[in-house]
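# Structural characterization, general
One-letter residues, chain by chain:
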Amino acid sequence: MVLKRVYSWLRKLKHVLPVAEDPTFGRLTVPQARPEQWKRDKVIPREHYLLTHEYLAPHWRDGMDVQAGTGWHVSELVRFAKMGNVEPYRGEAEGIAGVLVCPQTKSGEPLRTAVSAEVLEAGKRLLERGSFSFEKYTLAIKAACKAAGIPPFTPGRFRHSVATWAIEKGADPASVAAFLNHKSPTTTRRFYATHAVPTKVPTLR
């Protein structure tokens, strides 16, 4: 497991190792998470997310807003800031101002995510800056949590939070799975929406 993580770090964060040269890619499997890991609450309370805003520099705040609006992994956020782009939205759905494009996901494919006007502007500012440090971002959020007097959270928890927030607002798990680029809604239910409370349906009482 440690070996797989090292090679993954070289591929995804340092970009010094192509997939073809990773001896663990597709060959070395990582054991599934234990049930007690699934029960651990990884959802960031909305009020905590908003409180940290006051204590973050603008570019870290933009990164957090893009994650909150896309559910991207931090590695995807870093790649977007370095090599991503913005595309116009050609659909007719309300509330969508544009599309943020991450050039490469964990599986190696580009990822296009429809976003609101606020998230679109945050994404544009990240692209103008051109770089984004995983380590400094994590430390900045930790410091902001401390300054706000709330339990610390890591940026990796935004993916879990986005899924849970969406399902609690009544979104269909299949739609959430597609938005997060999951292969199956089962992944969304099992790992990222463990603590969501589904919308109530009509009952006898």
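### Notes on the nonpolar core
- Membership of the largest hydrophobic core comes to 33 residues, with the highest contact counts inside it found for Met64, Val66, Leu100, Phe132, Tyr137, Phe153 and Phe158.
- Mapped onto this core, the elements with two or more residues apiece are α4 (58–70), α5 (74–83), β2 (98–102), β3 (111–115), α6 (117–129), α7 (134–148) and α8 (158–168).
- It is α7 that provides the largest number of residues to this core, a total of six residues.
- The residues contacting Met64, other than those within four sequence positions of it, are Tyr49, Thr52, His53, Leu56, Tyr137, Ile141, Phe153 and Phe158.
- Listed in part, the five residues of the second largest apolar core include Val162, Ala163, Ile167 and Leu180.

### What about the packing of aromatic side chains?
- Scanning the model with the defined rule gives seven aromatic pairs in all.
- Relative to Phe158, the ring of Phe153 has its centre 6.0 Å away and its plane inclined at 90°; by these criteria the two rings are edge-to-face. With respect to class, Phe153 is no different from Phe158; both count as buried.
- Taken together, the aromatic side chains of Tyr49, Phe153, Phe158 and Trp165 make up a single cluster linked through ring pairs.
- For the cation-ring pair, Arg46 lies above Trp165, with the distance from its terminal atom to the ring centre recorded as 4.7 Å.

Definitions and cut-offs
- Residues numbered from 1 in each chain as written.
- Predicted model: local features only at pLDDT ≥ 70, side-chain atom pairs only at ≥ 80, totals over all residues.
- Heavy atoms only, no water.
- Core = buried A, V, L, I, M, F, W, Y, C linked by side-chain atoms within 4.5 Å.
- Buried < 20%, exposed > 50% of the residue type's maximum accessible area, 1.4 Å probe, protein only.
- Helix = DSSP H or I, 4+ residues; strand = E, 2+ residues; numbered from the N terminus.
- Contact = heavy atoms within 4.5 Å.
- Phe/Tyr/Trp six-rings, centres within 6.5 Å; stacked < 30°, edge-to-face > 60°.
- Lys NZ or Arg CZ within 6 Å of the ring centre and 35° of its normal.

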